[in-house]
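Structural overview
One-letter residues, chain by chain:
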Amino acid sequence: MNRRDFIQKNTFAGLAVVTAPATVSATPATPQENTRLYWAKLLYKIAEPVLKNLSESTLQKNWPVEYSPAWDNRNAKVAYLEGFARTMVGIAPWLALPDDNSEEGKLRKQLHNYALKSIQNSVDPANPDYMLWRKEGQTLVDAAFLAQSLLKAPDALWKPLDETTKKRVIEEFRLLRRVVPPNNNWLLFAATVEVFLLAVGEEADRFRIEFGLRKIEDWYVGDGWFKDGEVFHMDYYNSFVIHPMIVDVLDTLLKVHQKQSPEKKNQNLEDQYTKAVKRMQRQADFLERLISPEGSFPPFGRSITYRLGAFQALTHTTLLRQLPEGVSPAQVRCALTAVMKRMFAQEGVFDKAGWLSLGFAGHQPGIADSYSNAGSMYLTTLGFLPLGLPATDPFWVDADAEWTQQKAWSGKPFKRDKAVGY
């Protein structure tokens, strides 16, 4: 399918998510099928406490939120929107799959029901779990993650909402124009909120979209790396935020253009999108190479407590079926599964009530940044984006394969790395 056909099939208004129908087999599960179910159950375990409680209007009542020992004293209620929105952005592609009666399908349907009710409750001023939409700049960040989730799965998460809830979401997003983003990755949060409004037919602040894209472009330093502001930071923010949000913003702009002018090609936007995907592929290449033969990866830079969120550029390229040349879907599946099993087997990743704790591989509150709380931790759901691929996709059915460091440290041939010029 070419890019133009893809846009036509996936335009937000009337979007049809194209996935293969799920099938249930009486034959024993293959190792690959067991791996997918492991991912699904783990994601459900992470997401269920947040969405079940929010859907029942008990999130703020029942969640004993843990805050960084260095907490910066902003309004503590930001944690609830962080936990909700960050959960949503990681589960959205999975929820977009069609219903089925498999074990996985039942888990997915339950989360889907929770998610729809959670959106409704989060914007209802009369609800005990109405979010802190109108205070603190942090709200812009997590509104953007919620907007991303709605863009990733409009048929599943936007269209089913009642009109009152839709109007309330739109109003809260509009009011976020009060937040002037600093000159760093926050520019993309403003752009994402506005491009969502554009996608649903509302008036958008095009300056916040265009300025964000142009300023971030100024900070590109080459070989798949952006500065996060005027100074380069060696951390995972190129993957947490920068590459995936650029791609999502440009993708949405293309879809809106295709809807408004189906016979008129926007070559400039097409070229920007193509370049953005190539750069994200390069970032994904680095991320795959960071996974050790034992399934560990280096905990450097800010926000390392976001755990699997560090791999979003890799999981996003996987979801788009745009992995770097020479990196197979199977090796990514095996590498990420090894990381999941190593990380989430550690005692203390979840507290006794099942909420995510502060830490990296366990409960390690001392490494949490001053802006971090237990809600922040739910960005780890971004490591699960490939669940949005149908169970028949090569990512899930191809035979297990060694990833780069496994090959390198066992004396086997592996792909030579080289810089790129875009």
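Described below are features of the structure shown in this document. Because the structure is a prediction, the values reported are computed rather than measured.

What counts, and where the lines are drawn
Residues numbered from 1 in each chain as written. Predicted model: local features only at pLDDT ≥ 70, side-chain atom pairs only at ≥ 80, totals over all residues. Heavy atoms only, no water. Phe/Tyr/Trp six-rings, centres within 6.5 Å; stacked < 30°, edge-to-face > 60°. Salt bridge = Lys/Arg side-chain N within 4 Å of Asp/Glu carboxyl O. Buried < 20%, exposed > 50% of the residue type's maximum accessible area, 1.4 Å probe, protein only. Helix = DSSP H or I, 4+ residues; strand = E, 2+ residues; numbered from the N terminus. Core = buried A, V, L, I, M, F, W, Y, C linked by side-chain atoms within 4.5 Å. Contact = heavy atoms within 4.5 Å. Expected span 1.5 Å × (residues − 1). Polar contact = N/O pair within 3.5 Å; in protein donor to acceptor, adjacent residues only side chain to side chain. Axes fitted to C-alpha atoms, helices over the stretch in contact; angles between N-to-C directions. Parallel < 35°, antiparallel > 145°, perpendicular 65-115°, else oblique. Left-handed = near helix turned anticlockwise from the far one by under 90°. Nonpolar A, V, L, I, M, F, W, Y, C, P; charged D, E, K, R; others polar. Patch = residues over 30% accessible without salt bridge, like charges linked within 9 Å, V, L, I, M, F, W, Y side chains within 5 Å. Areas by Shrake-Rupley, 256 points an atom, 1.4 Å probe, with all protein chains shown as cover.

This part covers the packing of aromatic side chains. For any pair of aromatic rings, geometry is given as the distance between the ring centres together with the angle between the planes. Counted by the stated rule, this structure contains 25 aromatic pairs. Feature note: the residues Y236, Y237, F240, F297, F300, Y306, F311 and F360 constitute an aromatic cluster, connected by ring pairs.

As enumerated under the stated definition, the model contains 32 salt bridges in all. For R74, the salt bridge identified is with D72, shortest N-O distance 2.6 Å. Note on D72: relative accessible area 33%, which makes it partly exposed. Where R279 meets E217, a salt bridge forms, and the shortest distance between an N and an O atom there is 2.8 Å. Residue R279 is located in helix α12 (residues 267-289), and its partner E217 is located in helix α10 (residues 206-218); the two are separated by 62 residues in the primary sequence. Classification of E217 as partly exposed rests on a relative accessible area of 33%.

Before going further, it helps to examine the nonpolar core. Membership of the largest hydrophobic core comes to 132 residues, with the highest contact counts inside it found for L157 and F173. For L157, the contacting residues outside a window of four places in its chain are M88, A92, L95, H112, A115, L116, I119, S149 and L150.

What follows concerns the environment of T35. The topology assignment puts T35 in helix α2 (residues 31-55). The spacing of T35 and K106 is 71 residues in sequence and 17 Å in space, taken between C-alpha atoms. If we ignore the near neighbours within four places in the chain, the residues touching T35 are R333, T337 and W396.

What follows deals with the environment of E210. Structurally, E210 is set in helix α10. For E210, a relative accessible area of 27% gives the class partly exposed. Counting along the chain gives 19 residues from E210 to A191, while the straight-line C-alpha distance between them is 7.5 Å.

Let us now look at the side chain of H243. Residue placement: H243 occurs in helix α11 (residues 237-260). Excluding its chain neighbours within four sequence positions, the residues that come into contact with H243 are G224, F226, N238, R279, M280 and Q283.

Below, the discussion takes up α10. Residue pairs spaced three or four apart in an α-helix point in one direction, given the helix's 3.6 residues per turn. If you check α10, its first and last C-alpha atoms are 18 Å apart, about what 13 residues at 1.5 Å a residue would give, namely 18 Å. Each element contacted by the buried residues of α10 is listed here: α6 (138-152), α9 (186-199), β1 (220-222), β2 (225-226) and α11. Regarding α10, its N-cap is D205, as a side-chain oxygen of that residue lies 3.1 Å from the backbone nitrogen of F207 further along.

Next up on the list: the packing of α2 against helix α4 (residues 78-95). For the pair α2 and α4, interaxial distance at closest approach is 10 Å and the crossing angle is 140°. In terms of axis orientation, α2 runs oblique to α4. Considering the relative orientation of α2 and α4, their crossing is left-handed. Of the residues in α4, those touching α2 at R36, A40, L43, A47, V50, L51 and L54 are G83, F84, T87, M88, I91 and W94. The residue inventory of the contact of α2 with α4, partitioned by class, reads ten nonpolar, two polar and one charged.

Positive phi is not limited to glycine here, since S303 has a value of about 60°. The class of S303 is buried, set by a relative accessible area of 0%.

Together, V221, F232 and M234 make up a nonpolar patch on the protein surface, roughly 270 Å² of accessible area in all. Mapped onto the elements, M234 comes out in the loop between β2 and α11.

With that out of the way, let us pick up the packing of α9 against α10. Contact geometry of α9 with α10 gives a least axis separation of 8 Å together with a crossing angle of 140°. Classified by the interaxial angle, the pair formed by α9 and α10 is oblique. Between α9 and α10 lies a crossing of left-handed hand. When α9 is examined against α10, the residues L187, L188, A190, A191, E194, V195 and L198 are found in contact with a partner set consisting of R206, R208, I209, F211, G212, K215 and I216. In terms of residue class, the contact of α9 with α10 is made up of nine nonpolar, one polar and four charged.

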